[in-house]
Amino acid sequence: MTELRGKRILVVGATGGLGSRIARRLSEAGAVLALSARDVDRLDALDLAAETIPADLHRESAAVVAEAERRLGGLDAVVIASGVVAFGPASELEPETVADLFAVNAASPIELITAALPALSRSAEEGREPAVVTISGIVAEAPTAGLAAYSASKAALAAFMVAAGRENRRAGIRLLDARPGHTETGLVTRAIAGTAPAFPAGHDADHVAGVIVDAIASGARDLPSSAF
Ligand SMILES: NC(=O)c1ccc[n+]([C@@H]2O[C@H](COP(=O)([O-])OP(=O)(O)OC[C@H]3O[C@@H](n4cnc5c(N)ncnc54)[C@H](OP(=O)(O)O)[C@@H]3O)[C@@H](O)[C@H]2O)c1
């Protein structure tokens, strides 16, 4: 087990359906948090004892990591719960939509992780069992019709996590990718393009957040869709 009490954790996408629930559970477990998303009012509305770092990940991923490290006096984990979705057939995808999906879902998490690795390495040297957590989703395992670009952006992130996880295992940094299926957070109503088809009822958001936080604490190294 990894002790969460006192762990210095940056949660990105902290205002989201999953990010807010993960942040609350981590806070209840005694973690010391820095929370980031774009909207400062929604960050404040979380009403958690935490540092808040409003930022748009399109431009500021590395700066968010540096600021979190400065305010927390180091970093022991980064939880990346930011993301956007788009629907529609591949033939109707606009280039701007593809660029946005890859920027928020793949490039910015990769930049965040890359920027955080030196601090996580120091955390490992101090025996603090550092971790990186991403939520790519079931589409990384089973790319889905009507979600081709979203699936591709998430598969890119999942592939990065596997490869970077192998690189950093010996250094004692754990990279954990969670791949839940459709979850009732309202994400599908906030699509940056297209309209969601009728989905069957998804996972309960509290359940998914709980599985992810339990996995951080238990030392798990992977959370496939079957874990939810
Ligand atoms: N819900 C599902 O069915 C499901 C299933 C599998 C995987 N996932 C993945 O899990 C993650 C969380 O999903 P969710 O359902 O919790 O979605 P959500 O409620 O829409 O939350 C998304 C979060 O990302 C932040 N965000 C979006 N664009 C951003 C940007 N440019 N810069 C900074 N922050 C940005 C949002 O904050 P602001 O808008 O305030 O910036 C929000 O905090 C996503 O990566 C999603 O793809 C979701």
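Residues numbered from 1 in each chain as written. Predicted model: local features only at pLDDT ≥ 70, side-chain atom pairs only at ≥ 80, totals over all residues. Heavy atoms only, no water.

S.K.: Looking at this structure, how should I read the overall build of the protein chain?
M.R.: A tally of helices and strands in the protein chain yields six helices and six strands. Sequence-ordered secondary structure for the protein chain, helices as α and strands as β, is β-α-β-α-β-α-β-α-β-α-β-α. Relative to its length of 228 residues, the protein chain is compact, with a C-alpha radius of gyration of 16 Å against a globular reference of 17 Å. Each principal axis of the C-alpha atoms in the protein chain carries an extent, and together these give about 50 × 40 × 30 Å. Per-residue burial for the protein chain yields a buried fraction of 49% across its 228 residues. Sequence separation of 24 or more characterises 67% of the internal contacts of the protein chain that already satisfy a separation of 6 or more. Counting every atom, the protein chain has about 10200 Å² of accessible surface; 51% of that belongs to carbon and sulfur. If the 21 positive side-chain charges of the protein chain are averaged to one point and the 28 negative ones to another, these points end up 6 Å apart. (Helix = DSSP H or I, 4+ residues; strand = E, 2+ residues; numbered from the N terminus. Rg over C-alpha atoms; globule rule 2.2 N^0.38 Å. Buried < 20%, exposed > 50% of the residue type's maximum accessible area, 1.4 Å probe, protein only. Contact = heavy atoms within 4.5 Å. Areas by Shrake-Rupley, 256 points an atom, 1.4 Å probe, with all protein chains shown as cover. Lys, Arg positive; Asp, Glu negative; His and termini not counted. Charge placed at Lys NZ, Arg CZ, Asp CG, Glu CD.)

S.K.: Looking at this structure, how should I read the site of the ligand?
M.R.: As a matter of local geometry, the ligand sits amid 30 residues, with Thr15, Arg38, Tyr150, Lys154 and Thr185 nearest to it. Within the backbone of Gly83, an N or O atom sits 3.3 Å from an oxygen atom of the ligand. Interatomic distance of 2.7 Å between a backbone N/O atom of Thr183 and an oxygen atom of the ligand. Compared with its free state, where it exposes 880 Å², the ligand has 94% of that area covered by protein. Where the shell around the ligand is concerned, the elements lending two or more residues are helix H1 (17-28), helix H3 (57-72) and helix H5 (148-168). In the shell around the ligand, the residues fall into twelve nonpolar, twelve polar and six charged. (Near = heavy atom within 4 Å. Polar contact = N/O pair within 3.5 Å; in protein donor to acceptor, adjacent residues only side chain to side chain. Nonpolar A, V, L, I, M, F, W, Y, C, P; charged D, E, K, R; others polar.)

S.K.: What is the right way to look at the sheet that holds strand S6 (residues 174-178) in this model?
M.R.: Within a sheet, adjacent strands bond to each other through the backbone by hydrogen bonds, running parallel or antiparallel. Strand order in the open sheet made by the six strands is S3-S2-S1-S4-S5-S6, with parallel pairing throughout. Only two strands of the sheet have a single partner each, and these edge strands are strand S3 (50-52) and S6. Here the average twist between neighbouring strands, direction ignored, is 15°. Note: strand S1 (residues 8-12) against strand S2 (residues 32-36), five bridges, orientation parallel. Counted as the bridge partner of Leu10 is Ala34 from S2. The strands touched by H5 within the sheet are strand S5 (131-135) and S6, with S6 carrying the most contacts at an inclination of about 155°. (Pairing = 2+ DSSP bridges. Axes fitted to C-alpha atoms, helices over the stretch in contact; angles between N-to-C directions.)

S.K.: Before we go on, may I ask you to explain the UniProt feature "domain: Ketoreductase" (unreviewed entry) in the protein chain in this structure?
M.R.: Here, the residues flagged by UniProt with the feature "domain: Ketoreductase" (unreviewed entry) are residues 7-183. Structurally, residues 7-183 is divided into 49% helix and 15% strand, and its ends, taken at the C-alpha atoms, are 27 Å apart. (UniProt positions renumbered as here; feature names shortened; annotations may be inferred.)

S.K.: What exactly am I supposed to notice about the pairing of S1 here?
M.R.: The side chains of a regular strand alternate between the sheet's two faces. Buried residues dominate S1, accounting for five of its five residues. After leaving S1, the chain enters H1 and then returns to the sheet as S2, a path that is right-handed. In this sheet, strand S4 (residues 77-80) lies alongside S1 in parallel orientation, the contact comprising four bridges. Following the sheet pairing, Val11 is matched in S4 by Val79. (Right-handed = clockwise from strand over helix to strand, strands pointing away.)

S.K.: How should the packing of helix H4 (residues 95-125) against H5 be read in this particular structure?
M.R.: Axes are the key here: two packed helices are described by the angle between their axes and the distance separating the axes. In the contact formed by H4 and H5, the axes pass within 8 Å of each other and the chain directions differ by 15°. As the angle between them shows, H4 and H5 are arranged roughly parallel. By crossing handedness, the relation of H4 to H5 is classed as right-handed. Residues Val98, Leu101, Phe102, Asn105, Ala106, Pro109, Ile110, Ile113, Thr114 and Leu117 of H4 pack against Ala149, Tyr150, Ala152, Ser153, Lys154, Ala156, Leu157, Phe160, Met161 and Asn168 of H5. (Parallel < 35°, antiparallel > 145°, perpendicular 65-115°, else oblique. Left-handed = near helix turned anticlockwise from the far one by under 90°.)

S.K.: What's the story with H5 in this structure? I'm lost.
M.R.: For an α-helix, the turn length of 3.6 residues means that residues three or four places apart are oriented alike. In a regular helix each residue adds 1.5 Å, so 21 residues correspond to 30 Å; H5 covers 30 Å between its end C-alpha atoms and thus fits that length. Turning to H5, its buried residues are Ala149, Tyr150, Ser151, Ser153, Lys154, Leu157, Ala158, Met161, Ala164, Gly165 and Asn168. Turning to H5, the residues buried within the fold contact H4, S5 and S6. (Expected span 1.5 Å × (residues − 1).)

S.K.: What is the right way to read the environment of Ala77 from this model?
M.R.: Within the secondary structure, Ala77 is located in strand S4. Its relative accessible area of 5% is what places Ala77 among the buried residues. Apart from the residues lying within four places of it in its own chain, the contact partners of Ala77 are Arg8, Ile9, Leu10, Leu120 and Ala131.

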